[in-house]
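# Tertiary structure, described
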Amino acid sequence: MQEEGVELNEVMMIGVVSSCAQLEDLKLGRDFHKYIEDRRLNFTIPLSNALMDMYVKCGSLDRVQRIFDNMQKKSIISCTTMVVGYAGLGLLDAAWKLFDEMPEKDVAGGIKPDEVTMVYCLSACLQLGALDVGNWIHHYIKKHKLYLNVALGTAIVDMYAKCGNITKALQVFHEMLCRNSLTWTSIIGGLALHGTAHDALSYFSKIIEVGFRPDEFTFLGVLSACFHGGLVEESGKYFTQMTSKFSMSPQLKHYSCMVDLFGRAGLLDEAEELIKSMAIEPDVVVCGALFFACQMHGNFLMGERAALKLLKLDPHNNGVNVLLTNMYGDAYMWEEAGKVRKMMREREKSRDDPWL
């Protein structure tokens, strides 16, 4: 565009800067920021917010702070972006302080936040685990009579469910006039997270009744509910349904949940057989679930197989080596324990000596 003599304006730069944010390309983002300054473009609130968002995602909080401080007028999005930046670096006190100071209305020229803005703010609360602030935003939505569309309602349900207030999540869920599969998945996952396994499974049955098709995240919520409730038989039924009824291939997270569930129930043979039957290569989470289950139940031979598979996937994981050594010791397998210790010492030596 520049080669053709087209000058980028403030609106165009919002899209350009947002692309840098998605790429998390700090250098490119700084170059465009300099372009904006050199061309003396107007730092509108949307453009300033886009720059702040880009720097937050690139981990440059000092630049976010500089833009924020220089803004003559700030919107709730500006404040929320700043809060996300603080929280991302663990500066929770600063994040809370700014949230407490957020205006009751958007001060940007009297323009009030809309439903899209509130979804963004709720997402920030979710990242912070900030239930009190989420309550404040929900109060703001009701006070200003914003329309509870599917996206906003789902965001509220998800925030309450994951921030610890499942009662409020259920209340908002039932207040919604329209729901989609994401709304149902949020409430199922929330119920699973709070240990109400049978309620989660009940809502899964309802999602089928109303005609929505569950996705991989819905099934992850269902399997998590079975895990928290110790529902081994039910978990197998739902896991099988993924393929047989919904033509959906289980992913690693579904397998790890099942292996963990089998392992905690002492069904180690079933857990190992499931891993052997996997259509995809098991990762460290799947193999780790089996290894820790073997430790828990004292199955040293299977534990050894799981540990060796773990070390093949992650050969420099000394934590697994230590646990394997301890397991050998518990089984009075001193020679094997000695071999693992020797291997660890040699690896440590080669790491310290660059000539080895």
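Just so it is clear, the structure is predicted and the values come from calculations on it, not from any experiment.

### Describing the packing of aromatic side chains
- For the coordinates displayed, the defined rule picks out eight aromatic pairs.
- For the ring pair phenylalanine 204 and tyrosine 238, a centre distance of 5.4 Å and an interplane angle of 85° mean the geometry is edge-to-face. You can see phenylalanine 204 sitting in helix α12 (residues 197-209) and its partner tyrosine 238 sitting in helix α14 (residues 232-244), a full 34 residues away along the chain. Here the two residues phenylalanine 204 and tyrosine 238 agree in accessibility, since each one is buried.

### Details of the packing of helix α9 (residues 150-163) against helix α10 (residues 166-175)
- At a minimum axis distance of 7 Å, the contact between α9 and α10 shows a crossing angle of 165°. Comparing their axes, α10 and α9 come out roughly antiparallel. The handedness of the crossing between α9 and α10 is left-handed. Of α10, the residues touching α9 (which contributes Gly153, Ile156, Val157, Tyr160 and Ala161) are Ile166, Lys168, Ala169, Val172 and Phe173.
- Counted by class, the contact of α9 with α10 contains eight nonpolar, one polar and one charged residues.

### A closer look at the side chain of asparagine 49
- Note on placement: asparagine 49 falls in helix α3 (residues 45-57).
- Asparagine 49 has contacts with Met71, Ser75, Ile77 and Ser78, leaving out every residue within four places of it along the chain.

### Structural notes on helix α13 (residues 216-229)
- In this model α13 runs 20 Å from its N-terminal to its C-terminal C-alpha over 14 residues, within 8% of the 20 Å that 1.5 Å per residue would give.
- If you follow the buried residues of α13, they end up packed against α11 (181-193), α12, α14 and α15 (252-264).
- Its side-chain oxygen placed 3.0 Å from the backbone nitrogen of phenylalanine 217, aspartate 215 serves as the N-cap of α13.
- Note on α13: the residue one or two positions beyond its end, glycine 230, has a positive phi of about 65°.

### Points about unusual backbone geometry
- One non-glycine residue with positive phi stands out, namely arginine 40, at about 55°.
- By the element assignment, arginine 40 lies in the loop between α2 (26-38) and α3.
- Classification of arginine 40 as exposed rests on a relative accessible area of 75%.
- The backbone phi angle of lysine 145 is positive, close to 55°, even though this residue is not glycine.
- Looking at the element boundaries, lysine 145 is found in the loop between α8 (131-143) and α9.

### Section: α14
- In a regular helix each residue adds 1.5 Å, so 13 residues correspond to 18 Å; α14 covers 19 Å between its end C-alpha atoms and thus fits that length.
- Within the span of α14, buried status applies to Ser235, Tyr238, Phe239, Gln241 and Met242. Each buried residue of α14 sits inside an arc of 155° when the element is viewed along its axis, so together they form one side. Structural note: α14 exposes Glu233 and Ser244 on the side pointing more than 90 degrees away from its buried face.
- At its buried positions, α14 is contacted by α12, α13, α15 and α16 (268-276).

Cut-offs and rules
- Residues numbered from 1 in each chain as written.
- Predicted model: local features only at pLDDT ≥ 70, side-chain atom pairs only at ≥ 80, totals over all residues.
- Heavy atoms only, no water.
- Phe/Tyr/Trp six-rings, centres within 6.5 Å; stacked < 30°, edge-to-face > 60°.
- Helix = DSSP H or I, 4+ residues; strand = E, 2+ residues; numbered from the N terminus.
- Buried < 20%, exposed > 50% of the residue type's maximum accessible area, 1.4 Å probe, protein only.
- Axes fitted to C-alpha atoms, helices over the stretch in contact; angles between N-to-C directions.
- Parallel < 35°, antiparallel > 145°, perpendicular 65-115°, else oblique.
- Left-handed = near helix turned anticlockwise from the far one by under 90°.
- Contact = heavy atoms within 4.5 Å.
- Nonpolar A, V, L, I, M, F, W, Y, C, P; charged D, E, K, R; others polar.
- Expected span 1.5 Å × (residues − 1).
- Polar contact = N/O pair within 3.5 Å; in protein donor to acceptor, adjacent residues only side chain to side chain.
- Arc of directions from axis to C-beta.

Taken by themselves, the reported measurements are silent on function.
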